[in-house]
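So you can see what is in the structure, the chains are spelled out below.
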Amino acid sequence: MHADSRSNLGADVWFCPSPGCEIAYFDFLERFVLVNVLRHPAYPKSVDAAICPCFEFTIDDLDTCIRHRSPELIRELLAKSKSIEANCTTLTADGRCCMQEVQRLYHRGVQEAT
(Lines give C-alpha, C1' and ligand atoms only; values in the text may rest on other atoms or scores of the structure.)
Protein backbone atom coordinates (compact mmCIF):
# COMPACT_ATOMS: atom_id res chain seq x y z
CA MET A 1 0.00 0.00 0.00
CA HIS A 2 1.12 3.56 -0.40
CA ALA A 3 3.13 4.88 2.51
CA ASP A 4 0.67 7.71 3.14
CA SER A 5 -2.23 5.21 3.26
CA ARG A 6 -0.38 3.13 5.86
CA SER A 7 0.26 6.17 8.02
CA ASN A 8 -3.51 6.71 8.31
CA LEU A 9 -3.91 3.38 10.10
CA GLY A 10 -3.11 2.43 13.68
CA ALA A 11 -0.39 0.06 14.87
CA ASP A 12 -2.61 -3.04 14.61
CA VAL A 13 -3.85 -3.61 11.07
CA TRP A 14 -5.79 -6.50 9.54
CA PHE A 15 -6.23 -7.64 5.94
CA CYS A 16 -9.76 -8.31 4.68
CA PRO A 17 -9.59 -11.70 2.90
CA SER A 18 -12.97 -11.41 1.18
CA PRO A 19 -12.33 -11.27 -2.59
CA GLY A 20 -15.31 -9.02 -3.31
CA CYS A 21 -14.69 -6.48 -0.57
CA GLU A 22 -13.15 -3.17 -1.69
CA ILE A 23 -11.35 -2.76 1.65
CA ALA A 24 -7.83 -4.17 1.74
CA TYR A 25 -6.69 -3.21 5.25
CA PHE A 26 -8.49 -1.89 8.30
CA ASP A 27 -7.73 -1.06 11.90
CA PHE A 28 -9.44 -1.08 15.27
CA LEU A 29 -10.74 2.46 14.81
CA GLU A 30 -12.51 1.50 11.55
CA ARG A 31 -10.02 3.35 9.37
CA PHE A 32 -9.25 1.52 6.15
CA VAL A 33 -7.24 1.36 2.93
CA LEU A 34 -9.03 0.46 -0.28
CA VAL A 35 -7.81 -2.18 -2.71
CA ASN A 36 -7.46 0.37 -5.52
CA VAL A 37 -4.61 2.21 -3.74
CA LEU A 38 -2.42 -0.84 -3.15
CA ARG A 39 0.95 -0.72 -4.90
CA HIS A 40 0.63 -4.34 -6.04
CA PRO A 41 -2.36 -6.61 -6.60
CA ALA A 42 -3.05 -8.86 -3.61
CA TYR A 43 -4.52 -12.35 -3.55
CA PRO A 44 -7.47 -12.98 -3.22
CA LYS A 45 -8.51 -9.43 -4.05
CA SER A 46 -7.11 -9.78 -7.57
CA VAL A 47 -7.10 -12.92 -9.71
CA ASP A 48 -3.92 -11.58 -11.34
CA ALA A 49 -2.02 -11.61 -8.04
CA ALA A 50 0.20 -14.52 -7.12
CA ILE A 51 -1.17 -16.72 -4.36
CA CYS A 52 2.44 -16.93 -3.19
CA PRO A 53 4.20 -13.64 -3.85
CA CYS A 54 7.45 -15.02 -2.39
CA PHE A 55 7.83 -17.52 -5.25
CA GLU A 56 5.27 -16.22 -7.78
CA PHE A 57 2.97 -19.27 -7.51
CA THR A 58 -0.21 -18.30 -9.37
CA ILE A 59 -3.76 -19.48 -9.90
CA ASP A 60 -2.59 -20.75 -13.31
CA ASP A 61 0.06 -22.89 -11.60
CA LEU A 62 -2.56 -24.25 -9.25
CA ASP A 63 -4.96 -24.96 -12.14
CA THR A 64 -2.18 -26.91 -13.89
CA CYS A 65 -1.62 -29.02 -10.77
CA ILE A 66 -5.35 -29.71 -10.51
CA ARG A 67 -5.80 -30.48 -14.21
CA HIS A 68 -2.92 -32.96 -14.19
CA ARG A 69 -3.75 -34.27 -10.71
CA SER A 70 -0.13 -33.66 -9.88
CA PRO A 71 0.86 -31.91 -6.66
CA GLU A 72 4.56 -31.74 -7.62
CA LEU A 73 4.63 -27.94 -7.98
CA ILE A 74 2.83 -27.65 -4.66
CA ARG A 75 5.39 -29.92 -2.99
CA GLU A 76 8.16 -27.76 -4.42
CA LEU A 77 6.41 -24.67 -3.10
CA LEU A 78 6.06 -26.28 0.33
CA ALA A 79 9.81 -26.94 0.44
CA LYS A 80 10.54 -23.37 -0.65
CA SER A 81 8.11 -22.01 1.96
CA LYS A 82 10.30 -23.56 4.65
CA SER A 83 13.46 -21.96 3.27
CA ILE A 84 15.12 -18.70 4.23
CA GLU A 85 13.99 -17.24 0.87
CA ALA A 86 10.36 -17.25 2.06
CA ASN A 87 9.36 -13.76 3.10
CA CYS A 88 5.71 -14.29 3.98
CA THR A 89 5.44 -11.71 6.74
CA THR A 90 6.27 -8.86 4.37
CA LEU A 91 5.21 -10.11 0.91
CA THR A 92 1.80 -11.67 1.52
CA ALA A 93 -1.15 -9.38 2.08
CA ASP A 94 -2.08 -11.00 5.37
CA GLY A 95 1.47 -11.67 6.55
CA ARG A 96 1.00 -15.45 6.65
CA CYS A 97 2.41 -18.35 4.67
CA CYS A 98 0.27 -19.26 1.66
CA MET A 99 0.62 -23.03 1.98
CA GLN A 100 -2.59 -23.65 3.88
CA GLU A 101 -4.57 -21.77 1.23
CA VAL A 102 -2.71 -23.43 -1.67
CA GLN A 103 -3.36 -26.90 -0.25
CA ARG A 104 -7.02 -26.08 0.48
CA LEU A 105 -7.57 -24.81 -3.07
CA TYR A 106 -5.78 -27.82 -4.58
CA HIS A 107 -7.86 -30.37 -2.68
CA ARG A 108 -11.08 -28.49 -3.40
CA GLY A 109 -10.18 -28.25 -7.10
CA VAL A 110 -9.39 -31.96 -7.36
CA GLN A 111 -12.67 -32.86 -5.63
CA GLU A 112 -14.67 -30.59 -7.92
CA ALA A 113 -12.95 -32.02 -11.00
CA THR A 114 -13.99 -35.59 -10.16
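See the structure printed just above.
Described in the following lines is the structure provided in the data block. Worth saying up front: this structure is predicted, and the values here are computed from it rather than measured.

### Looking at the environment of Ala 42
In step 1: Tracing the backbone through its elements, the reader meets Ala 42 in the loop between strand S3 (32–34) and helix H2 (59–67).
In step 2: Relative accessible area serves as the criterion here: at 10%, Ala 42 is assigned to the buried category.
In step 3: Those residues within four positions of Ala 42 in sequence are excluded, and the remaining contacts are Phe 15, Ala 49 and Ala 93.

### A look at the packing of aromatic side chains
In step 1: Under the criterion given, the structure shown has two aromatic pairs.
In step 2: Above the plane of the ring of Phe 15 lies Lys 45, whose end atom (NZ or CZ) is 5.9 Å from the centre.

### As for the state of the cysteines
Here, the word disulfide means a covalent bond between the sulfur atoms of two cysteines.
In step 1: Within the structure shown, the criterion is met by zero disulfides.
In step 2: Of the cysteine sulfurs around Cys 98, a residue in no disulfide, the closest is that of Cys 52, at 3.7 Å.

### Quick look at the packing of H2 against helix H5 (residues 99–113)
In step 1: It is at 9 Å that the axes of H2 and H5 come closest, and there the two elements cross at 40°. Taken together, the axis directions place H2 and H5 in an arrangement best described as oblique. The two elements H2 and H5 cross, and the hand of that crossing is right-handed. For the pair H2 and H5, the contacting residues are Leu 62, Cys 65 and Ile 66 in the first and Val 102, Leu 105, Tyr 106, Gly 109 and Val 110 in the second.
In step 2: Classifying every residue of the contact of H2 with H5 by side-chain character gives seven nonpolar, one polar and no charged.

Conventions adopted
- Residues numbered from 1 in each chain as written.
- Predicted model: local features only at pLDDT ≥ 70, side-chain atom pairs only at ≥ 80, totals over all residues.
- Heavy atoms only, no water.
- Helix = DSSP H or I, 4+ residues; strand = E, 2+ residues; numbered from the N terminus.
- Buried < 20%, exposed > 50% of the residue type's maximum accessible area, 1.4 Å probe, protein only.
- Contact = heavy atoms within 4.5 Å.
- Phe/Tyr/Trp six-rings, centres within 6.5 Å; stacked < 30°, edge-to-face > 60°.
- Lys NZ or Arg CZ within 6 Å of the ring centre and 35° of its normal.
- Disulfide = S-S within 2.5 Å.
- Axes fitted to C-alpha atoms, helices over the stretch in contact; angles between N-to-C directions.
- Parallel < 35°, antiparallel > 145°, perpendicular 65-115°, else oblique.
- Left-handed = near helix turned anticlockwise from the far one by under 90°.
- Nonpolar A, V, L, I, M, F, W, Y, C, P; charged D, E, K, R; others polar.

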